[in-house]
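One-letter residues, chain by chain:
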Amino acid sequence: MDRSRKTNRESTEIALPRPSEPAGAPTTDLVEQKLGQLQAFVEQLRRTPAGSEMLAERVQAFGECKRAEGETANQFHAKLRRWLDRDIPHAKPSRYL
């Protein structure tokens, strides 16, 4: 058994800090920034006639999309993104027209 190999591996493991978040996971600051951009986009939509009409349809179809108490920025960003991306169901045409 080569003892130097084990010693080198142990010293390398000590020297290399392990990341606190999994690789590829967005940082809190990045999520907050993306959430702010998405909320700014919704506000811009609200200022245009077509955008405000589209938002009103979404509120009627799905209800308001508000941040719940204790909800993280990441959770709210995902919820708002889904709320904006969902297709709005339209009434089925009547067969008897």
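Quick caveat: nothing in here was measured; it's all calculated off a predicted structure.

Participant: Please provide a residue-by-residue account of the nonpolar core, values included.
Facilitator: The biggest cluster of nonpolar side chains holds 12 residues, and these are V31, L35, L38, V42, L45, L55, C65, A73, F76, L80, W83 and L84. At the level of elements, α2 (28-46) and α4 (73-85) are the ones that each hand at least two residues to this core. Leaving out residues up to four positions away in the same chain, L45 has contacts with G51, S52, M54 and L55.

Participant: So what's going on with the pattern of salt bridges? Residues and values would help.
Facilitator: This structure, assessed with the given rule, holds three salt bridges. Here R46 and E43 are joined by a salt bridge, their closest N and O atoms 2.6 Å apart. Of the two residues, R46 and E43 are both situated in helix α2; the distance of three residues between them amounts to about one turn of the helix. Residue classification places R46 among the partly exposed residues on the basis of a relative accessible area of 45%. Given a relative accessible area of 35%, E43 falls into the partly exposed group. For E71, the salt bridge identified is with K79, shortest N-O distance 3.4 Å. Overall, E71 belongs to the buried group, its relative accessible area being 16%. Since its relative accessible area comes to 25%, K79 is described here as partly exposed.

What counts and how
- Residues numbered from 1 in each chain as written.
- Predicted model: local features only at pLDDT ≥ 70, side-chain atom pairs only at ≥ 80, totals over all residues.
- Heavy atoms only, no water.
- Core = buried A, V, L, I, M, F, W, Y, C linked by side-chain atoms within 4.5 Å.
- Buried < 20%, exposed > 50% of the residue type's maximum accessible area, 1.4 Å probe, protein only.
- Helix = DSSP H or I, 4+ residues; strand = E, 2+ residues; numbered from the N terminus.
- Contact = heavy atoms within 4.5 Å.
- Salt bridge = Lys/Arg side-chain N within 4 Å of Asp/Glu carboxyl O.

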